[in-house]
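# Structural characterization, general
These are the residues of each chain, in order.
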Amino acid sequence: MNILFFLTPKATCTFLHADDTIRQAIERLEISGYEALPILDEEGRYCETLTSGDLLWGIKHICGMSMEQAEQHAITELPKKRIYKEVSITMDMRDLVRTATLQNFVPVVDDKQTFIGIVTRQAIIQYCLDNYISE
């Protein structure tokens, strides 16, 4: 089995850009309904993942809860509670599943480190339910 089987392509992913402001990140998280989003640099490479918790603590510590101040800070200034590990498109399924047990989604990059999409833990679990668990 190949990672591409589970991939949600970049074109249908919600993500942030490294130069987005805190305000933009808040709005994108709110609109998407997700708790975490990947951050990409200007070349489309995966940088890190921003969670709603990172935003809340960052606003408290960096902006003093002022939305006007939040407009002046990039999301890359926010400290991250945990690191979301990206995987290569060539990674084997065993390693993908191991990574997904620690993250609710796994960013996937190509050989040039360009972000190409995500694999969600939900997609892996659904596949297992459909193919390995009989009712």
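Since the model is a prediction, treat every value here as computed from it, not as a measurement.

## Describing the packing of aromatic side chains
One pass over the full model with this rule turns up six aromatic pairs. Ring plane angle 80° and centroid distance 5.3 Å describe the contact between phenylalanine 5 and tyrosine 127, whose orientation is recorded as edge-to-face. Placement of the pair is phenylalanine 5 in the segment before β1 (8–9) and tyrosine 127 in helix α5 (residues 121–132), with a sequence separation of 122 residues. Residue classification places phenylalanine 5 among the exposed positions, given a relative accessible area of 54%. Taking the relative accessible area as the measure of exposure, tyrosine 127 reaches 16% and is therefore buried. Taking 5.3 Å as the distance between ring centres and 85° as the angle between the ring planes, the aromatic pair formed by phenylalanine 6 and tyrosine 127 counts as edge-to-face. Separated by 121 residues along the polypeptide, phenylalanine 6 in the segment before β1 and tyrosine 127 in helix α5 bring together distant segments of the chain. Judged by its relative accessible area of 7%, phenylalanine 6 falls in the buried class. Three or more aromatic residues link up through ring pairs in this structure, and these residues are Phe5, Phe6, Tyr127 and Tyr132.

Thresholds applied
- Residues numbered from 1 in each chain as written.
- Predicted model: local features only at pLDDT ≥ 70, side-chain atom pairs only at ≥ 80, totals over all residues.
- Heavy atoms only, no water.
- Phe/Tyr/Trp six-rings, centres within 6.5 Å; stacked < 30°, edge-to-face > 60°.
- Helix = DSSP H or I, 4+ residues; strand = E, 2+ residues; numbered from the N terminus.
- Buried < 20%, exposed > 50% of the residue type's maximum accessible area, 1.4 Å probe, protein only.

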